[in-house]
Amino acid sequence: MKITLKPLGNIAHEIMEELKNRVGGVFHCPVEMEAEIIDLSQAYNSERKQYLSSKLLACLKKTDQDERVVGIADVDLYVPRLNFVFGEADMASGTAIVSLCRLRQEYYGLTPDENLYLERATKEVVHELGHTFSLGHCHNNKCVMHFSNSLADTDLKEIYFCNKCRPKIII
Ligand SMILES: [Zn+2]
Ligand SMILES: [Zn+2]
């Protein structure tokens with residue numbers, strides 16, 4: 001099994017490198033980085049000033065059967081009926097997408113905190129990857145598979161799977 005992180009658009013190289021290391025530390029499998037050229041504007045909704053998550057997710061392609069692909073976007077993502085999403089996964093194809101947009105302290109007018117930002121990004125990536133292993137949401141609020149309704153939920157949980165969820169990750 002390998003995980004491929006694909007920056008969609010302009011994501012700082014250091015951020016991607018750091019994310020790659022942290023995600024690898026959770027899954028203990030090879031994590032690669034590969035640029036994917038996707039025209040983000042096709043998913044833009046000018047009324048909402050946001051990007052339709054499912055549309056970008058559908059553009060992500062896997063090359064290997066046992067590969068998991070996560071697109072990393074810096075634009076604000078949404079799905080119909082929700083104000084925004086931190087990410088979305090497609091269990092059937094083993095692909096997922098995560099938005100970094102709302103993970104920055106600056107988004108809320110707060111002082112930048114790079115480590116907190118990377119912690120949050122790691123949790124969101126690991127969470128969506130968990131979905132690609134058919135994991136659902138977990139009741140344990142420390143488990144990375146706990147649903148994040150807000151950043152407070154994200155900050156409360158850890159980057160790891162709980163003892164109930166972890167055995168379901170077959171690598
Ligand atoms: Zn989820
Ligand atoms: Zn769990």
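Just so it is clear, the model here is predicted, and its values are computed rather than measured.

So, how was this worked out
- Sequence order as written defines the numbering, with residues in each chain counted from 1.
- Chain letters and ligand numbers both follow the written order, the letters beginning at A and the numbers at 1.
- In keeping with the model being predicted, local features are shown solely for residues with a pLDDT of at least 70 and side-chain atom pairs are shown and tallied solely at 80 or more, while totals for entire chains, interfaces and linings include all residues.
- The side-chain quantities take in all heavy atoms of the structure and omit both hydrogens and water.
- In this description, a donor is an N, O or S atom within 2.8 Å of the metal centre, a cutoff extended to 3.2 Å for sodium, potassium and calcium. Water is not part of the atom list, which can make sites seem incomplete.
- Here a site with four donors is tetrahedral if all angles are between 85 and 135 degrees, and a site with four or six donors is square planar or octahedral if opposite donors are over 155 degrees apart and the other angles are between 65 and 115; anything else gets the irregular label.
- For every residue, the accessible area (1.4 Å probe, protein chains only) is compared with the maximum for its type, and the residue is labelled buried under 20%, exposed over 50%, or partly exposed between those bounds.
- Two rings from Phe, Tyr or Trp (for Trp, the six-membered ring) form a pair when their centres are within 6.5 Å of each other. A pair whose planes differ by under 30 degrees is stacked, one over 60 is edge-to-face, and the rest are tilted.
- Only runs of H or I of at least four residues qualify as helices and only runs of E of at least two qualify as strands under DSSP, and these elements are numbered from the N terminus.

Enquirer: Account for the coordination of the zinc ion (ligand 2), naming residues and giving values.
Expert: Coordination of the zinc ion (ligand 2) by the protein comes from C138 (SG), C143 (SG), C162 (SG) and C165 (SG), over a distance range of 2.3 to 2.4 Å. Taken together, the four donor atoms coordinating the zinc ion (ligand 2) span angles of 108 to 112 degrees at the metal, a pattern that classifies the geometry as tetrahedral. Sequence positions of the donors to the zinc ion (ligand 2) reduce to the motif C-x4-C-x18-C-x2-C. In this pair, the class of C162 matches that of C165, namely buried.

Enquirer: Describe the packing of aromatic side chains, and please don't skip the residues or the numbers.
Expert: Per the counting criterion, the structure on display carries five aromatic pairs. Taking the centre distance of 5.6 Å and the plane angle of 75 degrees together, the rings of F27 and F161 count as edge-to-face. Residue F27 is located in helix α1 (residues 13-27), and its partner F161 is located in the segment after α4 (151-156); the two are separated by 134 residues in the primary sequence. A single burial state applies to F27 and to F161, both of which are buried. Considering the side-chain rings of Y107 and Y108, the 5.0 Å spacing of their centres and the 70 degrees angle between planes classify their relative orientation as edge-to-face.

Don't take any of this as a statement about function, it's just geometry.
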